[in-house]
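# A closer look at the structure
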Amino acid sequence: MFRQVAYRLLTRSPNTYSAGAAATLRRPYSTEVSVDAAAGDSAFVEAWKKVAPNIDPPKTPIQFMEPRPPTPSTLPSKLTVNFVLPYASELSKKEVDMVIVPATTGQMGILPGHVPTIAELKPGLLSVHEGNDVKKYFISSGFAFVHSNSFADILAVEAIPLDRIDPAQVQKGLSDFTQKLGSASSDLDKAEAQIGVDVHSALNAALTG
């Protein structure tokens with residue numbers, strides 16, 4: 001039975017799906033989806049009233065969400081950035097000229113009108129440019145989400161302003177981990193030492209670059 005179904009799917013004519021059908025199958029962008037909190041929560045509210053009619057229903061996550069602004073018809077002059085950590089928000093809806101992030105593929109500059117992108121981040125320098133002011137952070141890892149409406153969401157596991165890093169401690173850490181890497185006897189010890197070398201090398205490059 002499974003073979004018959006698979007054969008029918010594989011031998012179906014490529015013209016079976018029309019252009020209209022293909023359009024309906026396309027998943028809409030987040031900016032195209034309208035958020036109706038009342039409609040989305042109506043079933044939950046009705047169920048809550050049956051269980052606890054004398055208690056007001058709690059708010060659901062969708063009621064705290066703000067719809068993403070639509071993609072502008074003209075190129076914006078600013079990039080809107082959200083930069084968050086698990087325990088803090090460094091930047092919230094900050095309008096800047098450019099952000100440079102340490103992607104695993106290399107340093108990536110994000111300007112207004114950047115194509116939608118998801119980039120994995122590695123230990124390195126993140127810089128936020130606003131006019132002549134440049135704010136620099138060292139981040140450990142994370143992701144950058146660039147949206148079509150000139151919004152960028154940057155999520156990092158750890159981040160610290162570059163001017164709070166002690167260069168002497170970085171050099172000491174790099175020397176210690178390099179020594180550990182040379183004397184490591186097990187794969188685990190080598191992996192841990194290599195991570196330490198990579199992170200401190202990135203710290204040193206951020207401070208001296």
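Residues numbered from 1 in each chain as written. Predicted model: local features only at pLDDT ≥ 70, side-chain atom pairs only at ≥ 80, totals over all residues. Heavy atoms only, no water.

### What about the packing of aromatic side chains?
The cut-off we apply is this: Stacked, tilted and edge-to-face pairs are distinguished by plane angle, under 30 degrees for stacked and over 60 for edge-to-face with tilted covering the rest, among Phe, Tyr and Trp rings (Trp via its six-membered ring) whose centres lie within 6.5 Å. Working definition: helices are DSSP H or I runs of at least four residues, strands are E runs of at least two. Numbering for both runs from the N terminus. Each residue gets one of three labels from its accessible area relative to the maximum for its type: buried under 20%, exposed over 50%, partly exposed in between, using a 1.4 Å probe on protein chains only. By definition, being over a ring means that NZ of Lys or CZ of Arg is both within 6 Å of the ring centre and within 35 degrees of the ring normal.
Evaluated as defined, the whole model comprises three aromatic pairs. Note on Phe83 and Tyr137: the rings are 5.2 Å apart at their centroids and 80 degrees apart in plane angle, and the pair reads as edge-to-face. Of this pair, Phe83 sits in strand β1 (residues 79-84) while Tyr137 sits in strand β7 (residues 133-139), and the two are 54 residues apart along the sequence. Residues Phe83 and Tyr137 agree in their burial class; the two are buried. Above the ring of Phe177, the side-chain terminus of Lys180 is found at 5.1 Å from the ring centroid.

### Side note on the pattern of salt bridges
Oppositely charged side chains may form a pair once their charged atoms are brought near each other. In plain terms, the rule: Within this document, salt bridges are pairs made up of a side-chain nitrogen of Lys or Arg and a carboxyl oxygen of Asp or Glu, the two lying within 4 Å of each other.
Applying the stated rule across the entire model yields three salt bridges. A salt bridge links Asp97 to Lys78; the shortest N-O distance between them is 2.7 Å. One end of the pair, Asp97, is in the loop between β2 (89-96) and β3 (98-103); the other, Lys78, is in the loop between α3 (37-51) and β1, and 19 residues separate them in sequence. Owing to a relative accessible area of 25%, Asp97 belongs among the partly exposed residues under this scheme.

### A word on the nonpolar core
What counts, and what does not: As used here, the term nonpolar core means buried Ala, Val, Leu, Ile, Met, Phe, Trp, Tyr and Cys residues forming a set that is joined through side-chain atoms within 4.5 Å. Contacts were defined at the residue level, with two residues in contact if any of their heavy atoms lie within 4.5 Å.
Judged by nonpolar contacts, the single largest core of 23 residues is most densely connected at Val81, Phe83, Val99, Val101, Leu126, Ile139 and Ile154. When near neighbours in sequence (up to four residues on either side) are disregarded, Ile139 contacts Phe83, Pro102, Leu121, Lys122, Pro123, Gly124, Leu126, Ala156, Glu158 and Ala159. If you look at the next biggest cluster of nonpolar residues, it comprises eight residues, including Phe138, Val170, Ala202 and Leu203.

### Here we look at helix α5 (residues 187-208)
Selection criterion: To estimate the expected span of a helix, count its residues, drop one, and scale the result by 1.5 Å.
The first and last C-alpha atoms of α5 sit 31 Å apart over 22 residues, in line with the 32 Å expected at 1.5 Å per residue. For α5, every residue scored as buried is listed here: Ala193, Gly196, Val197, His200, Ala202, Leu203 and Ala206. Buried residues along α5 sit in contact with β6 (124-130), β7 and α4 (167-183).

### Here we look at the pairing of β2
Keep this limit in mind: The rule for pairing is simple: two strands pair if DSSP sees at least two bridges between them.
Relative to β2, β1 is paired through five bridges, and the arrangement is antiparallel. Its bridge partner being in β2, Leu79 is matched across the sheet by Val96. Linking β1 to β2, which pair antiparallel, is a turn of four residues.

### Things to note about the pairing of strand β8 (residues 142-146)
Working note: regular strand, side chains alternate between the two faces of the sheet. Of the two faces of β8, only the one carrying Gly142, Ala144 and Val146 is buried; Phe143 and Phe145 on the other face are not. Inspection of the sheet shows strand β5 (residues 117-121) paired to β8 by five bridges, in the antiparallel sense. The residue of β8 that forms the bridge with Thr117 is Val146. Across five bridges, β8 lies against strand β9 (residues 151-156) in antiparallel orientation. Pairing of Phe143 across the sheet is with Leu155, part of β9. Counting the residues in the hairpin turn of β8 and β9 gives four residues, including Ser150, whose phi is positive at 65 degrees.

### Focus: α4
Rules: Distance and chemistry together define a polar contact, namely a pair of N or O atoms within 3.5 Å, with one atom able to donate a hydrogen and the other to accept it when in protein, and with adjacent residues in sequence counting only for side-chain atoms on both sides.
The terminal C-alpha atoms of α4 lie 25 Å apart, and with 17 residues this matches the ideal 24 Å at 1.5 Å per residue to within 8%. For α4, the elements touching its buried residues are α5. The backbone nitrogen of Ala168 has a side-chain oxygen 3.1 Å away, supplied by the residue at the start of α4, namely Asp166.

### Re the side chain of Asn82
Within the secondary structure, Asn82 is located in strand β1. Within the structure, Asn82 has its side chain in polar contact with the backbone nitrogen of Lys93 (distance 2.7 Å). Those residues in contact with Asn82 that lie beyond four places of it in its chain are Arg68, Leu91, Ser92, Lys93, Phe151, Ala152, Asp153 and Ile154.

### A few points about the environment of Gly113
Positionally, Gly113 belongs in the loop between β4 (106-110) and β5. Gly113 gets classed as partly exposed once you look at its relative accessible area, which sits at 40%. Sequence-wise, Gly113 and Ser148 are 35 residues apart; in three dimensions their C-alpha atoms are separated by 6.9 Å. Setting aside residues up to four positions removed in sequence, Gly113 forms contacts with Leu75 and Ser150.

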